[in-house]
Amino acid sequence: MKYLYILGASGSIGTQTLDIVRNNPNEFKVVGMTVGRNLEKAKSIIEEFKPEIVSFRTNDIPELSYKPIIVFGDEGLDEVAKYSKYDNEILVNSLVGISGLKPTVEAIKVKKIIALANKETLVVAGDLIKDLIKKYNTKLVPIDSEHSAILECLTGEKKEQVKKLIITASGGSFRDKKREELKNVTVNDALKHPNWSMGSKITIDSATMMNKGFEIIEAHHLFDMPYDKIMPILHKESIVHSMVEFNDGSIKAELGYTDMHRPIAYALRYPDHMNCESKYLDLFGLNLHFEELSEERYPTLKYTKMVCEKGGIYYAVLNASNEAAVKLFLDQKIKFLDIEKIIYEEISKDEYKNIAYNLDNILNISKEIINKLLKKYGD
Ligand code: MN
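Definitions and limits used
- Counting restarts for each chain: residues are numbered from 1 in the order of the written sequence.
- The predicted nature of this model means local features are confined to residues of pLDDT at least 70 and side-chain atom pairs, given and counted, to a pLDDT of 80 or more, with totals for whole chains, interfaces and linings taken over all residues.
- Excluding hydrogens and water, the side-chain figures rest on all heavy atoms present in the structure.
- Per the convention used, a helix needs a DSSP run of H or I reaching at least four residues, while a strand needs a run of E reaching at least two, with both numbered from the N terminus.
- In this description the radius of gyration comes from C-alpha coordinates, and the expected globular size is given by 2.2 Å times residues to the power 0.38.
- Each residue gets one of three labels from its accessible area relative to the maximum for its type: buried under 20%, exposed over 50%, partly exposed in between, using a 1.4 Å probe on protein chains only.
- Every residue pair with non-hydrogen atoms within 4.5 Å of one another is taken to be in contact.
- The accessible surface values rely on the Shrake-Rupley method and a 1.4 Å probe; as for residues, cover is taken only from the protein chains in view.
- The convention is simple: Lys and Arg are positive, Asp and Glu are negative, and His and the chain ends are not counted.
- One atom stands in for each charge, and that atom is NZ of Lys, CZ of Arg, CG of Asp or CD of Glu.
- In this analysis, rings of Phe, Tyr and Trp, with Trp reduced to its six-membered ring, are considered paired at centre separations within 6.5 Å, and the interplanar angle assigns stacked below 30 degrees, edge-to-face beyond 60, and tilted for intermediate values.
- Charge-over-ring placement is defined geometrically: NZ (Lys) or CZ (Arg) within 6 Å of the ring centre, and within 35 degrees of the ring normal.
- Coordinating N, O and S atoms are those within 2.8 Å of the metal (3.2 Å for Na, K and Ca), and as water is not part of the atoms, a site may appear to have fewer donors than expected.
- How far a helix is expected to stretch is found by multiplying one less than its residue total by 1.5 Å.
- By definition, two strands form a pair when at least two bridges between them are found by DSSP.
- Here is how to tell: hold the view so the strands point away, follow the path from the first strand over the helix to the second, and if it runs clockwise the crossover is right-handed.
- Only the stretch in contact is used when fitting a helix axis, every axis being a line fitted to C-alpha atoms; angles between N-to-C directions are given from 0 to 180 degrees.

A. The overall build of the chain, seen in detail. Along the backbone of the chain there are 14 helices and 11 strands. In terms of C-alpha radius of gyration, the chain reaches 20 Å, essentially the compact-globule figure of 21 Å for 379 residues. Taking the principal axes of the C-alpha coordinates as reference, the chain spans close to 55 × 50 × 40 Å. Within the chain, the proportion of its 379 residues that are buried is 54%. A separation of at least 24 residues holds for 68% of the contacts in the chain among residues at least 6 apart in sequence. A total of about 17100 Å² of accessible surface is found on the chain, and carbon and sulfur atoms cover 50% of it. Of the side chains in the chain, 52 bear a positive and 56 a negative charge, and the two mean positions are spaced by 2 Å.

In structure tokens:
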């Protein structure tokens, strides 16, 4: 039996993780969960899975038919991450934003396996997380479809024989628009992702291509690959979830239906493929296309490179400025193209360069930048 703690249980990845638990009751048991603001949904999943510990956003909570341990807010996230009673515990972290970092650290310290969907954890603190994973002798497996695909392609292979990791990008909701057409696009336009149904933050990050920048940074940490061996590529069909090219010219790819159940199940069972909850890919009539991704069209790719060169605390600066800018855009305080402008302004500043790269500084500077930008551009 595998014991699960799901952070962000009522969100998109959380809900799909619960589908897998529901279909495999002899394999998985939910011990802890954290839920968001949709209390009706929260109540229904809590009653169905009866976790021992639940964290709510605020103390406004629904009436329950039993008495789990109840915790709240950001401390509540840490409490659920820390709670540990069984062997074989897995933390599924599907929180959005920097708030996912601290709970990951807490869960590693109690030796839970980390199934990671929260991007920010590795983007801002990749080296620290890797050290902790080693120190506490546990492991971290990615849930994201691209990294799941690369993990699968690399399994059984030697790192020094890898020429390139090729990360596919769907191009997001504005992929068929030119830059000058992006000036006045709306939030609703941006939220219409052509291939994947995801939360709003990541859908906007896909439209700006910042998401792919983050995935490059994550891949660097997850697979110990230098940045010059990681290449993003435009693949509008999202059927090839990513590829690995080897020195002999051979390319391995992972293909599948665009459904996150598959990468989630793979992370929970890695390296096994067992019962499949995903839909099957119909190979007949498949028509796959690959195009170069332009840094002129998607400047966030250029900014990612800038930040990877600077390193250290600048990863947190990149993430925090993006996190604030996306929130401002979703709240209709700024325009779509302002997102990249705000990011560029922040990562170009020299003032951050003397801040040491450690967990406290990462958390503090992130909060500081987010608050500063929300105040500056909000009302
Ligand atoms: Mn992805």
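B. Expanded view of the packing of aromatic side chains. Within this structure, the stated rule accounts for seven aromatic pairs. For the pair Phe174 and Phe336, a centre-to-centre distance of 5.0 Å together with 85 degrees between the ring planes defines the contact as edge-to-face. Linking Phe174 in the loop between β8 (162-169) and α7 (187-190) with Phe336 in helix α13 (residues 336-347), this pair joins segments that are 162 residues apart in sequence. Both residues of the pair, Phe174 and Phe336, belong to the buried class. Of the aromatic side chains, those joined through ring pairs into one cluster are Phe174, Phe329 and Phe336. Positioned above the aromatic ring of Tyr5, the side-chain terminus of Lys112 is 3.3 Å from the ring centre.

C. Quick look at the coordination of the manganese ion. Taken together, Asp144 (OD), Glu146 (OE) and Glu215 (OE) make up the protein donors of the manganese ion, found 2.1 to 2.3 Å from the metal. Counting along the primary sequence, the residues that act as donors to the manganese ion give the motif D-x1-E-x68-E. Of the two residues, Asp144 is situated in the loop between β7 (140-142) and α6 (145-154) and Glu215 in helix α9 (residues 210-222); the sequence distance between them amounts to 71 residues. Residue classification places Asp144 among the buried residues on the basis of a relative accessible area of 11%. A residue is classified by how much of its surface remains accessible, and Glu215, at 1% relative accessible area, is buried.

D. Summary view of helix α11 (residues 299-310). Compared with the 16 Å implied by 1.5 Å per residue over 12 residues, the 17 Å span of α11 between its first and last C-alpha is a close match. Residues of α11 that are buried in the fold lie against α8 (200-208), α9, β9 (230-234), α12 (314-330) and α13.

E. How the structure looks around the pairing of strand β3 (residues 53-56). Residues of β3 alternate between two faces, with Ile53 and Ser55 on one and Val54 and Phe56 on the opposite face, all of them buried. Pairing of strand β2 (residues 28-34) with β3, which is carried by three bridges, proceeds in the parallel orientation. Paired with Thr34 across the bridge in β3 is Ser55. Read from β2 through helix α2 (residues 39-49) to β3, the crossover connection turns out right-handed.

F. The arrangement of the pairing of β2 in detail. Across the seven residues that make up β2, a large majority, six, are buried. Sheet topology places strand β1 (residues 2-7) next to β2; six bridges connect them, and they run parallel. Across the sheet, Ile6 pairs through a bridge with Met33, a residue of β2. Between β1 and its parallel partner β2, the chain crosses via helix α1 (residues 12-23), and the hand of that crossover is right-handed.

G. Representation of the sheet that holds β9. Reading across from one edge, β9-β8-β10-β11 is the order of the four strands in this open sheet, with mixed pairing throughout. A single partner strand is all that each edge strand has here, and the edge strands are β9 and β11 (251-255). The average angle at which neighbouring strand axes cross in this sheet is 20 degrees, direction not considered. The pairing of β8 with strand β10 (residues 240-246) spans four bridges and is classified as antiparallel. When the sheet's bridge partners are listed, Lys164 is paired in β10 with Glu245.

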